[in-house]
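As a plain string of letters, each chain reads:
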Amino acid sequence: MLEHDVIIVGGGLAGCRAAVEIARTDSGLNVAVVAKTHPIRSHSVAAQGGIAATLKNVDADDNWEAHAFDTVKGSDYLADQDAVEILAREAPDAIIDLEHMGVLFSRLPDGRIAQRAFGGHSQRRTCYAADKTGHAILHELVNNLRRYGITIYDEWYVMQLIVEDAQAKGIVMYRLLDGQIEVVRAKAVMVATGGYGRAFNTTSNDYASTGDGLAMAALAGIPLEDMEFVQFHPTGLYPVGVLISEAVRGEGAYLINSQGDRFMAAYAPSKMELAPRDITSRAIAREIAAGRGINVDGSAGGPFVHLDVRHLGKEKIMSRIPFAWEESHRLVGIDAVHQPIPVRPTIHYSMGGIPTNTSGQVRSSSSGLIDGLFAAGEAACVSVHGANRLGSNSLLECVVYGKITGAAIARFVSNRKLPQLDDRPYLQAAGQQIQSLLALSGNMRIQPLRQALQDCMTEYCGVFRTQEVMQAGLAKLQELQQQYQQIYLDDKGKLWNTEIVEALELRSLLVVAQLILTSALHRQESRGAHYREDYPQREDANFLKHTLAYYSPAGIEIDYLPVQITMFEPQERKY
Ligand SMILES: Cc1cc2nc3c(=O)[nH]c(=O)nc-3n(C[C@H](O)[C@H](O)[C@H](O)COP(=O)(O)OP(=O)(O)OC[C@H]3O[C@@H](n4cnc5c(N)ncnc54)[C@H](O)[C@@H]3O)c2cc1C
């Protein structure tokens with residue numbers, strides 16, 4: 001059995017930031033990070049537009065209270081305001097700290113860190129490194145892991161969290177290289193496995209965003225919070241779905257329909273293209289549904305709208321948003337200096353996740369905590385985003401709560417012994433799980449089943465939802481779960497058997513999908529990203545509360561958790 005003081009699952013921004021903080025707090029601690037990709041290939045590396053903080057470099061009268069208010073309003077009042085306060089207050093120091101680590105931010109002419117406008121933010125407060133911000137930050141953090149001597153297990157797939165009697169004791173992991181299975185025993189375990197965009201058929205997320213950490217937590221009996229809130233980013237490049245960053249609208253791009261109108265005037269007249277993502281995504285979906293979308297040949301009635309940057313001019317496009325130009329050119333042959341970019345909403349972010357308190361400790365229920373289990377980043381729900389996340393607040397959450405959680409873990413493990421753990425039953429069960437996957441002799445390949453699941457979620461749990469449609473979705477999902485027993489794997493070997501990992505990821509997606517659909521069915525109101533055509537109003541009287549969904553093979557149980565309202569009373573949300 002391998003042993004570490006702390007094992008962190010996930011090498012993205014949240015996991016790496018926590019690891020650095022643990023090492024800084026107590027350099028004697030033995031910390032390890034495990035990731036199924038190389039850490040530098042975590043989805044964080046793809047983050048583009050920036051990271052919010054009230055540095056006041058551009059808008060001098062900005063302050064943390066305004067950042068907190070924008071975040072809470074953006075969340076449709078579902079965010080926990082104590083958690084948001086920490087996020088907004090800590091943000092400037094978090095950026096300066098990144099800068100001291102070596103992150104190269106874009107600059108103003110006078111040398112200070114540049115800041116741009118972003119959707120739902122009332123001031124220009126988003127710091128950035130052109131439109132490759134995640135790349136700039138993650139590379140420095142991973143360099144720092146090496147500097148602090150943190151052990152990295154890359155290309156190991158974590159199969160299970162070991163939780164006994166409400167205490168986390170370690171993990172079970174599988175090495176892609178040769179199929180070796182190991183148990184890691186640890187005093188504290190942290191989950192930082194990112195989101196689940198791959199549960200849907202069009203997403204900005206990478207192939208590894210399969211919700212494994214969420215599924216592992218759910219299978220360990222931990223409830224998942226607010227899973228119904230799935231963010232559609234308004235501007236996925238049509239038809240591939242990859243992201244055209246919100247920074248493009250932050251720099252002044254227009255959204256145009258087939259009639260040549262800047263249609264956001266009808267939906268959010270004061271914010272226009274910089275309305276929050278839920279509102280902008282619905283506006284685009286409505287324009288397309290009303291026949292004002294555009295076809296590839298330029299005619300009306302098509303499946304996308306235009307994102308137009310031509311008026312910004314070549315120099316600004318190439319210096320501020322070069323990656324957006326590059327992606328459009330490489331993937332769909334559009335030269336954005338001279339042509340508008342075809343876009344439509346794409347699945348982007350999971351607001352919900354593993355419930356934590358503001359120290360990153362995982363909740364076991366509405367009142368209890370799991371000893372020694374922590375979570376942060378997109379996999380977690382501390383809830384700073386509530387029902388809808390504002391752009392550039394997620395990278396911020398990863399670094400602020402990564403740091404806080406790291407510090408809490410360092411405190412937690414000091415003077416503690418490693419837990420008692422018998423690894424044999426875990427090794428045996430994991431070995432059997434792999435063996436039985438290899439032994440499956442059905443007639444279905446993994447890819448079509450995964451595709452069917454992604455199509456099911458997109459069709460039955462999309463931008464607009466109703467009871468009837470979601471119930472049909474759950475029935476379909478049940479069929480797909482049964483079909484999982486009828487898959488077969490071509491590769492029966494041990495070396496680099498990526499089919500085994502795909503099969504395990506598909507299991508995660510099936511669990512997560514059921515939690516999303518069931519949570520969405522129970523929330524009979526419209527709030528943030530969750531829009532019910534059969535319940536089009538927000539219902540604070542009944543639903544100003546977080547959903548907690550408990551998974552079991554027999555079905556999902558729903559409970560609720562109160563929202564922390566400390567600063568801003570809920571109001572009607574208008575832009
Ligand atoms: C294209 C794109 C652009 C974005 N742009 C911005 C932006 O400009 N600003 C902003 O604030 N937010 C942005 N976001 C959101 C933000 O990037 C993410 O929410 C954030 O980076 C998530 O970081 P994380 O550390 O939680 O997880 P990730 O970076 O997703 O890392 C997850 C880690 O977990 C590991 N892992 C997962 N499952 C397992 C397993 N079973 N076993 C072992 N390891 C596992 C992975 O290998 C990986 O290392 C963007 C997102 C996308 C997709």
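Located above this text is the structure these notes cover.
Here the structure is a predicted model, which means the values were calculated and not measured.

> So what about the overall build of the protein chain? Which residues, and what values?
The number of helices and strands found in the protein chain is 15 helices and 20 strands. Over its C-alpha atoms the protein chain spans a radius of gyration of 23 Å, differing by no more than 12% from the 25 Å that the globule rule assigns to 575 residues. Dimensions along the principal axes, computed over C-alpha positions, put the protein chain at roughly 65 × 55 × 50 Å. Taken across its 575 residues, the protein chain has 60% of its residues classed as buried. Nonlocal contacts in the protein chain, meaning residues at least 24 apart in sequence, comprise 74% of its contacts between residues at least 6 apart. Looking at the protein chain as shown, the accessible area adds up to about 20800 Å², and 47% of this sits on carbon and sulfur atoms. Across the protein chain, the centroid of the 54 positively charged side chains sits 2 Å from that of the 66 negatively charged ones.

> Could you give an account of the environment of Leu438, with specific residues and numbers?
With respect to the helices and strands, the residue Leu438 is situated in helix 11 (residues 424-439). Contacts of Leu438, omitting those with residues within four sequence positions, involve Leu489, Asp491, Lys492, Asn497 and Ile500.

> So what's going on with the sheet that holds strand 14 (residues 341-350)? Residues and values would help.
An order of 11-14-13-12 is seen for the four strands of this open sheet, with the pairing classed as antiparallel. Both outer strands of the open sheet, strand 11 (230-237) and strand 12 (254-256), are each paired with one neighbouring strand and no more. Here the average twist between neighbouring strands, direction ignored, is 45°. Pairing of strand 12 with strand 13 (residues 305-308) involves three bridges; the strand directions are antiparallel. What sits directly across from Leu255, in strand 13, is Leu307.

> Explain the pairing of strand 17 (residues 369-375) residue by residue, including any values.
Most of strand 17 sits out of view: five of its seven residues are buried. Direction of pairing for strand 9 (residues 181-191) relative to strand 17: parallel, over a ladder of three bridges. From the neighbouring strand, Met190 faces strand 17, where its bridge partner is Phe374. Where strand 16 (residues 361-363) and strand 17 come together, two bridges link them in antiparallel fashion. In the sheet register, Gln361 faces strand 17, and the bridge partner there is Phe374. In sequence, strand 16 turns back onto strand 17 through a hairpin of five residues.

> So, the packing of aromatic side chains: which residues are in play, and what are the values?
Where two aromatic rings form a pair, the distance of their centres and the angle of their planes describe that pair. With the rule as written, the count across this model stands at six aromatic pairs. Here the aromatic rings of Tyr238 and Phe304 are separated by 4.9 Å at their centres, their planes lie at 35°, and the arrangement is tilted. Of the two residues, Tyr238 sits in the loop between strand 11 and helix 6 (247-250) while Phe304 sits in the loop between helix 7 (277-289) and strand 13, which places them 66 residues apart along the sequence. Judged by relative accessible area, Tyr238 falls into the partly exposed class, the value being 21%. On the basis of an interplanar angle of 90° and a centroid distance of 6.4 Å, the ring pair of Phe263 and Tyr267 is categorised as edge-to-face. Looking at Phe263, the relative accessible area reads 4%, which means it is buried.

> Outline the nonpolar core, supporting the account with residue identities and numerical values.
Nonpolar side chains in soluble globular proteins generally cluster together in the buried interior. Among the nonpolar cores identified, the biggest contains 85 residues, and Ile171 and Ile487 are the most heavily contacted of them. Beyond its immediate stretch of four places on either side in the chain, Ile171 contacts Ile7, Val9, Val34, Val158, Gln160, Leu161, Ile162, Glu182, Val183, Val184 and Val189. Formed by 61 residues, the second largest nonpolar core is a distinct cluster that contains Ala18, Leu29, Val33 and Val382.

> Could you give an account of the site of the ligand, with specific residues and numbers?
The local shell around the ligand holds 38 residues, among which Ser42, His43, Ser44, Glu378 and Ser394 are the closest. At a separation of 2.6 Å, an oxygen atom of the ligand approaches a polar side-chain atom of Ser42. Gly49 is positioned with one of its backbone polar atoms (N or O) 2.7 Å from an oxygen atom of the ligand. Bound to the protein, the ligand loses 98% of the 1000 Å² it would expose on its own. Among the residues forming the shell around the ligand, the class breakdown is 15 nonpolar, 19 polar and four charged.

> Report on the packing of helix 13 (residues 467-483) against helix 14 (residues 498-522), specifying residues and quantitative values.
Direction vectors running N to C along helix 13 and helix 14 enclose 160°, while the axes themselves pass 10 Å from each other. One way to sum up the angle between helix 13 and helix 14 is to call them roughly antiparallel. The two elements helix 13 and helix 14 meet at a crossing, and its hand is left-handed. Seen from helix 13, the contacting residues are Gln467, Met470, Gln471, Gly473, Leu474, Leu477, Leu480 and Gln481; seen from helix 14, they are Leu510, Ala513, Gln514, Leu517, Thr518, Ala520 and Leu521. Split into classes, the residues belonging to the contact of helix 13 with helix 14 amount to nine nonpolar, six polar and no charged.

> Account for the side chain of Arg277, with residues named and values stated.
With respect to the helices, strands and loops of the structure, Arg277 is situated in helix 7. Judged by relative accessible area, Arg277 falls into the buried class, the value being 4%. Dropping the residues within four chain positions of it, Arg277 is found in contact with Phe118, Gln231, Phe232, His233, Pro234, Glu246, His348, Asn388, Arg389 and Gly391.

Here is what the cut-offs are and how they apply
Residues numbered from 1 in each chain as written. Predicted model: local features only at pLDDT ≥ 70, side-chain atom pairs only at ≥ 80, totals over all residues. Heavy atoms only, no water. Helix = DSSP H or I, 4+ residues; strand = E, 2+ residues; numbered from the N terminus. Rg over C-alpha atoms; globule rule 2.2 N^0.38 Å. Buried < 20%, exposed > 50% of the residue type's maximum accessible area, 1.4 Å probe, protein only. Contact = heavy atoms within 4.5 Å. Areas by Shrake-Rupley, 256 points an atom, 1.4 Å probe, with all protein chains shown as cover. Lys, Arg positive; Asp, Glu negative; His and termini not counted. Charge placed at Lys NZ, Arg CZ, Asp CG, Glu CD. Pairing = 2+ DSSP bridges. Axes fitted to C-alpha atoms, helices over the stretch in contact; angles between N-to-C directions. Phe/Tyr/Trp six-rings, centres within 6.5 Å; stacked < 30°, edge-to-face > 60°. Core = buried A, V, L, I, M, F, W, Y, C linked by side-chain atoms within 4.5 Å. Near = heavy atom within 4 Å. Polar contact = N/O pair within 3.5 Å; in protein donor to acceptor, adjacent residues only side chain to side chain. Nonpolar A, V, L, I, M, F, W, Y, C, P; charged D, E, K, R; others polar. Parallel < 35°, antiparallel > 145°, perpendicular 65-115°, else oblique. Left-handed = near helix turned anticlockwise from the far one by under 90°.

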